[in-house]
Amino acid sequence: SQKIEQNSEALNIQEGKTATLTCNYTNYSPAYLQWYRQDPGRGPVFLLLIRENEKEKRKERLKVTFDTTLKQSLFHITASQPADSATYLCALGLNSGYSTLTFGKGTMLLVSP
Amino acid sequence: KAGVTQTPRYLIKTRGQQVTLSCSPISGHRSVSWYQQTPGQGLQFLFEYFSETQRNKGNFPGRFSGRQFSNSRSEMNVSTLELGDSALYLCASTVNRESYTFGSGTRLTVV
């Protein structure tokens, strides 16, 4: 069956360190993968999109990698700040014309000062 | 520009009742998707509308329905509410599927 797995345990790191979050999937052939940030009681906010033919994408302190052989995406936040504390969701999109996003359950990141 | 607006923000209903939730997408976005979010299941896709037509449907019972109007505003309806329908209902709009803009959601509590 199709699965998208993100660490269910919260990731605790210190301010200034690099946070690395993992998204693994099985029985999918995604055309692209998106990462979202969600704060408590709010809707997810789009961060980055990476396509199947791209290995890496960067945006300011964020970096996403996409390995279709390992069926894995890594999401990095460098020089993390307490304001980065949130839940981060990965979402897969297929290549069919009418496909929708399928989300992982998310990983909570806690950055302490 | 204005974001995705969902109303109401909070709702408390009794089992067996029905509820209607509303979503106004970003101007120019013709695709509207609905998701249910619960702590145990995460974000689960309900349905997607594009130009007033349902384009995709998730694996939810027929008690869950929706529609889209000519101005792209969308509503979803849940009939015969069950306790398990308590969740955060999120609406998202997109113009090209490369990014989705979500509303803040409607928190539905069924008692």
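For the structure, check the block above.
### Some points on the layout of surface pockets
In this structure, the largest pocket occupies an estimated 600 Å³ of space. Considering the residues around the largest pocket, the lining is formed by 22 residues, among which A:Gln2, A:Ile4, A:Tyr28, A:Thr102 and A:Phe103 are closest to the centre. For the lining of the largest pocket, the secondary structure elements donating two or more residues are β1 (3-6) and β10 (102-103) of chain A together with β5 (42-50) of chain B. Looking at the lining of the largest pocket residue by residue, the classes come out as 9 nonpolar, 10 polar and 3 charged. In this structure, the second largest pocket encloses a volume near 420 Å³. Counting only elements with at least two residues in the lining of the second largest pocket, the list comes to β9 (86-93) and β11 (107-112) of chain A together with β4 (31-38) of chain B. If you tally residues by element for the lining of the second largest pocket, the top one is β11(A), at 4 residues. Its residues assigned to classes, the lining of the second largest pocket comprises 7 nonpolar, 10 polar and 4 charged.

### Topic: the side chain of B:Ser31
All names here are of chain B. By the secondary structure assignment, serine 31 is in strand β4. A relative accessible area of 3% means that serine 31 is categorised as buried. There is a polar contact of 2.8 Å between the side chain of serine 31 and the side chain of glutamate 48. Contact partners of serine 31, with chain neighbours within four places excluded, come to Glu48, Tyr49, Phe50, Arg55, Ala92, Ser93 and Thr94.

### A word on the sheet that holds strand β1 (residues 5-7) of chain B
All names here are of chain B. An order of β1-β3-β8-β7 is seen for the 4 strands of this open sheet, with the pairing classed as antiparallel. This sheet does not close on itself; its edge strands, each paired only once, are β1 and β7 (64-68). Taking the axes of each pair of neighbouring strands and ignoring which way they run, one obtains an average angle of 15° across the sheet. Bridge analysis of β7 against strand β8 (residues 74-78) gives 5 bridges, and the strand direction is antiparallel. Bridging from a neighbouring strand, phenylalanine 64 pairs with valine 78 of β8.

### Topic: the packing of aromatic side chains
Going through the model one piece at a time under the given rule, you end up with 12 aromatic pairs over all chains. Note on A:Tyr25 and A:Phe66: the rings are 6.3 Å apart at their centroids and 65° apart in plane angle, and the pair reads as edge-to-face. Of this pair, A:Tyr25 sits in strand β3 (residues 19-26) while A:Phe66 sits in strand β7 (residues 62-67), and the two are 41 residues apart along the sequence. Judged by relative accessible area, which is 3%, A:Tyr25 ranks as buried. Measuring from ring centre to ring centre gives 5.7 Å for B:Phe47 and B:Tyr49, while their planes differ by 70°; the resulting arrangement is edge-to-face. Classification of B:Phe47 as buried rests on a relative accessible area of 1%. Taken together, A:Tyr36, A:Phe46, A:Phe103, B:Tyr35, B:Phe45 and B:Phe102 form an aromatic cluster joined through their ring pairs. The ring of B:Phe50 carries the charged tip of B:Arg55 above its face, separated from the ring centre by 4.3 Å.

### Quick look at the state of the cysteines
Going through the model one piece at a time under the given rule, you end up with 2 disulfides over all chains. Covalently, A:Cys23 is tied to A:Cys90 through a disulfide, its sulfur atoms 2.0 Å apart. For the disulfide bridge between A:Cys23 and A:Cys90, the dihedral angle about the S-S bond is near 60°, and by the sign convention the bridge is right-handed. With A:Cys23 in strand β3 and A:Cys90 in strand β9, this residue pair connects regions lying 67 residues apart in the sequence. Taking relative accessible area as the criterion, A:Cys90 reaches 0% and is therefore assigned buried. Sulfur-sulfur distance for the disulfide between B:Cys23 and B:Cys91 comes to 1.7 Å. In this structure the cystine formed by B:Cys23 and B:Cys91 twists about its S-S bond by roughly -50°; its chirality is therefore left-handed. Placement of B:Cys23 in strand β3 (residues 19-24) and of B:Cys91 in strand β9 (residues 87-94) is noted, with a sequence separation of 68 residues between them. As far as burial versus exposure is concerned, B:Cys23 and B:Cys91 are alike and both buried.

What counts and what doesn't
The numbers attached to residues start from 1 for each chain and follow its sequence in the written order. For naming, the first written chain is A and the first written ligand is 1, with later ones following in the order written. Per-residue local features of the predicted model are confined to residues with pLDDT of at least 70, and side-chain atom pairs are confined, for both listing and counting, to 80 or more; whole-chain, interface and lining totals are unaffected and use all residues. Note that water and hydrogens are dropped before the side-chain values are worked out from all heavy atoms of the structure. Only protein atoms enter the calculation, which uses a 1 Å grid: trapped sets of points that fit a 1.4 Å probe without letting it out are cavities, open sets showing protein on both sides within 12 Å along at least five of seven lines are pockets, and any residue with an atom within 4 Å of a point is a lining residue. Grid points are joined across faces, edges and corners, and a volume is the space filled by probe spheres set on the points. Strands are runs of DSSP state E lasting at least 2 residues, helices are runs of H or I lasting at least 4, and numbering of each runs from the N terminus. Three classes are used, and their members are as follows: Ala, Val, Leu, Ile, Met, Phe, Trp, Tyr, Cys and Pro are nonpolar, Asp, Glu, Lys and Arg are charged, and the others, Gly among them, are polar. Exposure categories follow from relative accessible area, calculated using a 1.4 Å probe and restricted to protein chains: below 20% of the type maximum is buried, above 50% is exposed, and the middle band is partly exposed. Pairs of N or O atoms within 3.5 Å make up the polar contacts considered here, provided that, within protein, one atom can donate a hydrogen while the other can accept it, and that residues adjacent in sequence are counted only when both atoms are side-chain atoms. Whether two residues touch is decided by their heavy atoms; if any such pair falls within 4.5 Å, the residues are in contact. The pairing criterion for strands is at least two bridges between them, as found by DSSP. Fitted lines through C-alpha atoms give the axes, limited to the stretch in contact for helices. The angle between two N-to-C directions lies from 0 to 180 degrees. Each Phe, Tyr or Trp ring (for Trp, its six-membered ring) is paired with any other whose centre lies within 6.5 Å, and the angle between the two planes then decides the class: stacked below 30 degrees, edge-to-face above 60, tilted in between. In this scheme, the term charge over a ring applies when either NZ of a lysine or CZ of an arginine sits within 6 Å of the ring centre and within 35 degrees of the ring normal. Criterion for a disulfide: a pair of cysteine sulfur atoms within 2.5 Å.

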